[in-house]
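# Notes for the structure review
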Amino acid sequence: MLNLKKSGAHILLMASVIGLAACESNGVIEGVSRGEVVRMEYQQGFFDNDGKLTLIMPNGERFEGKFVQGSTSTDGDEIRIGESSNDDSWVLMDSEQRSSSAKALLLGDKGRSMKCEFQFSSARGGIDDGGIGECKLSDGKKVEVVF
């Protein structure tokens, strides 16, 4: 086992973990509503199953909210770094599996709301790996997206 106790490697590993946790992905999705292009922008943290979503309709109406990628809990795999009997050991566990589907609720700046359902191409890659989706506005109109 690799002993990181009181070493420069310990500090480097901590900085790397903190740095990865702060990483965020941003992107743009284009969709169609009644033949007109709509624009969706998203932000999602590297390890997060949720993120922020903004949709701008062709008429300029803006919807903002949150999307959540489904997940299930599992016992997961365990990786040990350091001595197993030592309090300075690190244990990293993967106790969650992501789903390839997600839902979103967005609130508009003109009083309407929107509920979206997405099917991602990859559960692991989430929204960054693309997929398809449909959003239903509170007045019954639909927005279809391919990303």
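For every chain, the first residue of the written sequence is number 1, and numbering continues from 1 onward in sequence order. Restriction of local features to residues with pLDDT of at least 70 applies here, the model being predicted, together with a cutoff of 80 or more for giving and counting side-chain atom pairs; totals for whole chains, interfaces and linings are based on all residues. Here the side-chain values reflect all heavy atoms present in the structure, with hydrogen atoms and water set aside.

### Considering the overall build of the protein chain
- Here a strand is any run of E in DSSP of at least two residues, a helix any run of H or I of at least four, and the numbering for each starts at the N terminus. A tally of regular secondary structure across the protein chain gives one helix and ten strands.
- Going residue by residue from the N terminus, the α and β elements of the protein chain occur as α-β-β-β-β-β-β-β-β-β-β.
- A contact between two residues is defined here by any heavy atoms of the two lying within 4.5 Å. Contacts in the protein chain between residues far apart in sequence, at least 24 positions, make up 41% of those at least 6 positions apart.
- Surface exposure of the protein chain reaches about 9300 Å², of which carbon and sulfur atoms provide 50%. The method behind every accessible area is Shrake-Rupley, applied with a 1.4 Å probe, and residues are considered shielded solely by the protein chains displayed.

### What about the packing of aromatic side chains?
- A pair of Phe, Tyr and Trp rings is counted when the ring centres sit within 6.5 Å of each other, with Trp represented by its six-membered ring. The angle between the planes then sorts it: under 30 degrees is stacked, over 60 is edge-to-face, the rest tilted. All told, the structure shown has three aromatic pairs when counted by the stated rule.
- Seen from their ring centres, Phe118 and Phe120 are 6.4 Å apart, and the 10° between their planes marks the pair as stacked. The two residues Phe118 and Phe120 agree in class, both being buried.
- Ring centres of Phe118 and Phe147 lie 5.9 Å apart, and the angle between their planes is 85°; on these two criteria the pair is classed as edge-to-face. With Phe118 in strand E8 (residues 113-120) and Phe147 in the segment after strand E10 (142-146), this pair connects stretches of sequence that are 29 residues apart. For each residue, the accessible area found with a 1.4 Å probe, counting protein chains only, is set against the maximum for its type, and the residue is called buried under 20%, exposed over 50%, and partly exposed in between.

### Comments concerning the pairing of strand E3 (residues 50-56)
- A pair of strands counts as paired when DSSP detects no fewer than two bridges linking them. When strand E2 (residues 36-45) meets E3, the two strands line up antiparallel, connected through six bridges. Looking across to E3, one finds that Gln44 is bridged to Gly51.
- In sequence, E2 turns back onto E3 through a hairpin of four residues.

### Concerning the pattern of salt bridges
- Salt bridge, as used here: a side-chain nitrogen of Lys or Arg that lies within 4 Å of a carboxyl oxygen of Asp or Glu. The tally for this structure, following the rule as stated, stands at five salt bridges.
- The partner of Glu41 in a salt bridge is Arg39, and the shortest N-O contact between them spans 3.0 Å.
- On the basis of relative accessible area, Glu41 is assigned to the partly exposed category, the value being 29%.
- According to the relative accessible area criterion, Arg39 is partly exposed, its value standing at 36%.
- Close ionic contact of Lys66 with Asp50 constitutes a salt bridge, the shortest N to O distance being 3.0 Å. Within this pair, whereas Lys66 is found in strand E4 (residues 62-73), its partner Asp50 is found in strand E3, the two being separated by 16 residues in sequence.
- Classification of Asp50 by relative accessible area gives partly exposed; the value is 25%.
- Beyond isolated ion pairs, a larger network of salt bridges with shared partners links Glu61, Arg112 and Asp139.

### Notes on the confidence of the model for the protein chain
- Note: pLDDT gives the predictor's confidence per residue, expressed from 0 to 100. Across the protein chain, pLDDT averages 77, with 68% of residues at or above 70.
- Low pLDDT, under 50, characterises residues 1-21; the predicted model gives this stretch 20 contacts beyond four residues in sequence or across chains.

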